[in-house]
Amino acid sequence: MEPTSIELGTENLVSLTGEVREPAWLSMAVLRSMPQRETTVSFECRTSGLRRHYFSGPLLIDVVGSAGPLFDPAERKDRLRFLIAVLGRDGHRTVLSWGEIDPEFGNTAALLAVSMDCRDLDGQSPHLVMPGDRCGARHISQVTDIRVCADDGLWS
């Protein structure tokens, strides 16, 4: 199912698709309209050493939750079989489990950052920020796509 609502303009849009009720195209303005969180992260980059940045943006759980993931709300653990794949413009990608960012389980405060070091990321698209990661490999710059998928295909 493809996103049904497109906010036109000069902004880079993020596609939010997969096993969700309401696929969407997300603009930076839409992401800024959501409740914002702030975090400072430090990570060790193999090529440039220790890096420290300040980010703000909505929690990833709120962003993907707004699309209505297709898990059974009556079954508390059903959401634990869902995965979130994130793709950046440069092809860098990662996969997260729903459980690691869900407040009832792993509670990692992953952000879809709209600003970095107090500078808007409007010309770049949002960044996925994973606080607590030691090397920052799951930090995805210029996010273009987010897909929510159940693990059903792994077991069939």
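On a predicted model such as this, the values are computed, not experimentally measured, just so you know. (Residues numbered from 1 in each chain as written. Predicted model: local features only at pLDDT ≥ 70, side-chain atom pairs only at ≥ 80, totals over all residues. Heavy atoms only, no water.)

## Section: the nonpolar core
Grouped together as the largest cluster of nonpolar side chains are 39 residues, with contacts concentrated most on L60, L128 and I146. Discounting chain neighbours no more than four positions away, the residues touching I146 are V14, S15, L16, T17, L60, V64, I84, A85 and L112. (Core = buried A, V, L, I, M, F, W, Y, C linked by side-chain atoms within 4.5 Å. Buried < 20%, exposed > 50% of the residue type's maximum accessible area, 1.4 Å probe, protein only. Contact = heavy atoms within 4.5 Å.)

## A few points about the sheet that holds strand β8 (residues 115–116)
Spatially, the four strands line up as an open sheet ordered β3-β4-β8-β9, and their pairing is antiparallel. In this open sheet, the two edge strands, each paired with only one partner strand, are β3 (37–45) and β9 (119–120). Bridging between β3 and strand β4 (residues 49–57) involves nine bridges; their strand directions are antiparallel. Within β4, the position partnered with C45 by the bridge is G49. (Pairing = 2+ DSSP bridges. Helix = DSSP H or I, 4+ residues; strand = E, 2+ residues; numbered from the N terminus.)

## So, unusual backbone geometry
In this structure, D117 is a non-glycine residue whose phi angle is positive, near 55°. Within the element layout of this structure, D117 appears in the loop between β8 and β9. One non-glycine residue, Q142, adopts positive backbone phi at about 50°.

Geometry only, nothing functional implied.
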